[in-house]
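So the chains spell out like this:
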Amino acid sequence: MNSPTTPPSPQSFLIQNYRRQDVSFVRGDGCYLYDDAGRRYLDAFAGVAVCTLGHAHPKLVEALSRQVATLIHTSNHFEQLGQEELAARIVPEAFAGRMLFCNSGTEANEAAYKLVRLWGNVAHEGRKRRIISFEGGFHGRTLGALSITHTPSYRTPFEPLPSTDFVPFGDVDALAAAMGDDVAGVFIEPIQGESGVHVAPPGFLTRVRELCTRHRALLVVDEIQTGLGRTGRMFCHQHEGITPDVMTLAKGLGGGVPIGAVLATEPVAALLKPGLHGTTFGGNPLACAAGLTVMKEVTSSGFLGNVVERGHQLLEGLRRIFGPTHELRGMGLLVGVQLQREPSELVKAARAEGLVVGVAGHNTLRIAPSLIITAAQVDELLEKLAAAHRAQR
Ligand SMILES: *Cc1c(COP(=O)(O)O)cnc(C)c1O
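Residues numbered from 1 in each chain as written. Predicted model: local features only at pLDDT ≥ 70, side-chain atom pairs only at ≥ 80, totals over all residues. Heavy atoms only, no water.

Observations concerning the side chain of His326
Quick note on the threshold: By the criteria applied, helices consist of DSSP H or I runs no shorter than four residues and strands consist of E runs no shorter than two, each listed in order from the N terminus. For the exposure calls, accessible area comes from a 1.4 Å probe over protein chains only, and a residue counts as buried if that area is under 20% of its type's maximum, exposed if over 50%, partly exposed in between. The contact definition used throughout considers only heavy atoms, calling two residues in contact when any of these lie within 4.5 Å.
Along the chain, His326 turns up in the loop between helix 11 (303-322) and strand 13 (328-331). Note on His326: relative accessible area 9%, which makes it buried. Every residue in contact with His326, bar those within four places of it in the chain, is listed here: Arg319, Val337, Gln338, Leu339 and Gln340.

Description of empty space enclosed by the protein
What counts, and what does not: A cavity, in this analysis, means grid points on a 1 Å lattice covering only the protein atoms where a 1.4 Å probe fits yet has no way out; a pocket is instead an open set bounded by protein on both sides within 12 Å along at least five of seven lines, and a residue lines either one if it has an atom within 4 Å of a point. Grid points are joined across faces, edges and corners, and a volume is the space filled by probe spheres set on the points. Ten residues, namely Ala, Val, Leu, Ile, Met, Phe, Trp, Tyr, Cys and Pro, are considered nonpolar, four, namely Asp, Glu, Lys and Arg, are considered charged, and the remaining ones, Gly among them, are considered polar. Domain delimitation follows an automatic or database domain assignment.
Inspection of the entire model under this criterion finds one cavity of 30 Å³ or more. Considering only enclosed or pocket space, the largest cavity measures out at about 30 Å³ in volume. For the largest cavity, the full set of lining residues is Ala49, Thr52, Gln225, Gly227, Leu228, Arg230, Gly252 and Leu371. Here the lining of the largest cavity is composed, by residue class, of three nonpolar, four polar and one charged. Looking at which domains feed residues into the lining of the largest cavity, each of domain 1 (10-57 + 302-391) and domain 2 (61-298) gives three or more.

A look at the packing of helix 11 against helix 13 (residues 375-391)
Let me state the cut-off plainly: Every axis in this analysis is a line fitted to C-alpha atoms, fitted for helices over the stretch in contact. Angles between the N-to-C directions lie between 0 and 180 degrees. An angle below 35 degrees is read as roughly parallel, one above 145 as roughly antiparallel, one from 65 to 115 as roughly perpendicular, and any other as oblique. Working rule for handedness: look at the near helix, and if it is turned counterclockwise from the far one by less than a right angle, call the crossing left-handed; if clockwise, right-handed.
It is at 10 Å that the axes of helix 11 and helix 13 come closest, and there the two elements cross at 20°. In terms of orientation, helix 11 lies roughly parallel with respect to helix 13. Handedness of the crossing formed by helix 11 with helix 13: right-handed. Counting all contacts with helix 11, which are made through Arg310, Gln313, Leu314, Gly317, Leu318, Ile321 and Phe322, the residues of helix 13 involved are Ala375, Val378, Asp379, Leu381, Leu382, Leu385, Ala386 and His389. For the contact of helix 11 with helix 13, the class distribution of residues is 10 nonpolar, three polar and two charged.

Overview of the UniProt feature "binding site: pyridoxal 5'-phosphate" (unreviewed entry) in the protein chain
Heads up, the condition is: UniProt positions are given in the numbering used here, feature names are shortened, and annotations may be inferred rather than shown by experiment. The term polar contact refers here to a pair of N or O atoms within 3.5 Å; inside protein, the definition further demands a hydrogen-donor-capable atom paired with an acceptor-capable atom, and it admits residues adjacent in sequence only when both atoms are side-chain atoms.
Taking the numbering used here, the UniProt-annotated feature "binding site: pyridoxal 5'-phosphate" (unreviewed entry) corresponds to Gly105, Thr106, Phe138, Asp222, Glu223, Ile224, Gln225 and Thr280. The greatest C-alpha distance among the residues just named is 25.3 Å, and with 176 residues of sequence between them they are spread in space as well. The annotated residues named above include Gln225 as those lining the largest cavity. Examined against the element boundaries, Phe138 turns out to sit in the loop between strand 5 (130-134) and helix 5 (143-147). In this structure Phe138 touches Thr149, Tyr154, Glu189, Glu194 and Asp222, once residues within four positions along its chain are discounted. Of the residues examined, Asp222 reaches a relative accessible area of 5% and is grouped as buried. For Asp222, the residues in contact, after removing those within four places along its chain, are Asn109, Phe138, His139, Ile188, Glu189, Pro190 and Thr248. In this structure the side chain of Asp222 is engaged in a polar contact, spanning 2.8 Å, whose partner is the side chain of His139.

What about helix 4 (residues 105-123)?
Just so we agree on the cut-off: To estimate the expected span of a helix, count its residues, drop one, and scale the result by 1.5 Å.
Compared with an ideal rise of 1.5 Å per residue, which puts 19 residues at 27 Å, helix 4 spans 26 Å between its outermost C-alpha atoms and is within 8% of the ideal. Of all the positions in helix 4, only Gly105, Thr106, Ala108, Asn109, Ala111, Ala112, Tyr113, Leu115, Val116, Leu118, Trp119 and Gly120 are classed as buried. Once helix 4 finishes, Glu125 follows within two positions and takes phi at roughly 45°, a positive value.

Brief notes about the pattern of salt bridges
What counts, and what does not: Between Lys or Arg on one side and Asp or Glu on the other, a salt bridge is scored when a side-chain nitrogen of the former is within 4 Å of a carboxyl oxygen of the latter.
Applying the stated criterion across every chain yields a total of 12 salt bridges. Two residues, Arg98 and Glu266, come together in a salt bridge whose shortest N-O distance is 2.7 Å. With Arg98 in strand 4 (residues 98-102) and Glu266 in helix 9 (residues 266-269), this pair connects stretches of sequence that are 168 residues apart. Glu266 sits in the partly exposed class, given a relative accessible area of 38%. Taking the shortest distance from any N to any O, the salt bridge between Glu194 and Arg366 comes out at 2.9 Å. With Glu194 in the loop between strand 8 (191-192) and strand 9 (198-199) and Arg366 in strand 17 (residues 364-367), the pair connects residues that are 172 residues apart, well separated along the chain. Residue Arg366 is classed as buried on the basis of its relative accessible area, which comes to 1%.

Concerning the UniProt feature "modified residue: N6-(pyridoxal phosphate)lysine" (unreviewed entry) in the protein chain
Those places that UniProt annotates as "modified residue: N6-(pyridoxal phosphate)lysine" (unreviewed entry) correspond, in this numbering, to Lys251. For Lys251, the contacting residues outside a window of four places in its chain are Val48, Ala49, Val50, Glu194, Ile224, Gln225 and Ile259.

Topic: the site of the ligand
So the rule is basically this: Here, proximity means that at least one heavy atom of the residue falls within 4 Å of the molecule or strand. Each accessible area is a Shrake-Rupley result for a 1.4 Å probe, and residues are judged covered by the shown protein chains and nothing else.
Around the ligand lies a shell of 13 residues, among which Gly105, Thr106, Asp222, Gln225 and Lys251 are the nearest. Between the ligand and Gly105 there is a distance of 2.8 Å, counted from an oxygen atom to a backbone nitrogen or oxygen. Contacts to the ligand include Asp222, whose side-chain N or O atom sits 2.8 Å from a nitrogen atom. Burial of the ligand by the protein chains amounts to 81% of its free accessible area of 380 Å². The element contributing the most residues to the shell around the ligand is helix 4, with three residues. Here the residues of the shell around the ligand are counted per class, giving two nonpolar, seven polar and four charged.

See below:
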């Protein structure tokens, strides 16, 4: 995603807050992207695990074109049939509760954070105020979501932030020691994506659930990157068979159209009374048409099976390319390769081979293609990555 070497353009009117790869994509088709010179790339990043159905998917094109020509936006001052329809598709795949729609991942976590506050302040008369999240976690860039995000370089320049107790990811004893009846909520990613695709150790989410239940703290599972089929189940926490109190979604939900969402169990959802929270754009008809199309496809027969199979194919191929010296982490089509050095050279070499890959923290190569990727395209991905790996060794 970010190449640290791109110099800021002196002619740009943009704030230079992104380190961008030196390429402009102007068109996409399925799992392929085309740059402004007409070169074709296999896209193994999907816009940070966003383009669930690839680019220009015919069903998404049809649904969005129809919605654009019908009605884009009315605001949350009016009934929202699209939100009702989308929630009715998501809730049965997750757990019993109610949904709120917003525009991004960080906003979904802000809404979840406010639910946690209401849980402590209203449901427990202010007796629960402590918030716990995990070292290595990433929950977004707005101030509430940033306060539960661990990475010091993201947080420190923006302090003071609401206080959070950070616990080492995967450390049950540390969590047990940090927990108490004054904890309102625990925020966790089932797989820490941004920090380098770190999968929660088996059994960890179960123990987190138990501790939250014992102390009546809300368990907020951030499935913004891992949800919507990315790991081979509809939601990643389902691999462990736990039920959160609150779940946040975004990235893959709109297939590229900005949308975020929160699902909360009924008693938690009931705390959010009219006037306490809201958004102008959240869940507008266009965004919901996108979400609905993605949900229909992801729940269609064989879709998740493809994610599981392509995920195995990808891991096996990566094992052949990188050998036993590089740790491979991930599930389904969210995979990290632990490199020994900064990934930007490999990312650049891959681009020269016609392959787009991403990076994550701690020198991790991040591979997160569209979920519609075929077996032949995974082979192509592996060939191109192998060539890039050879080229830069
Ligand atoms: C990307 C991400 C976010 C933030 O989402 P934005 O849409 O960029 O605000 C939050 N949590 C996780 C786990 C993410 O991967």
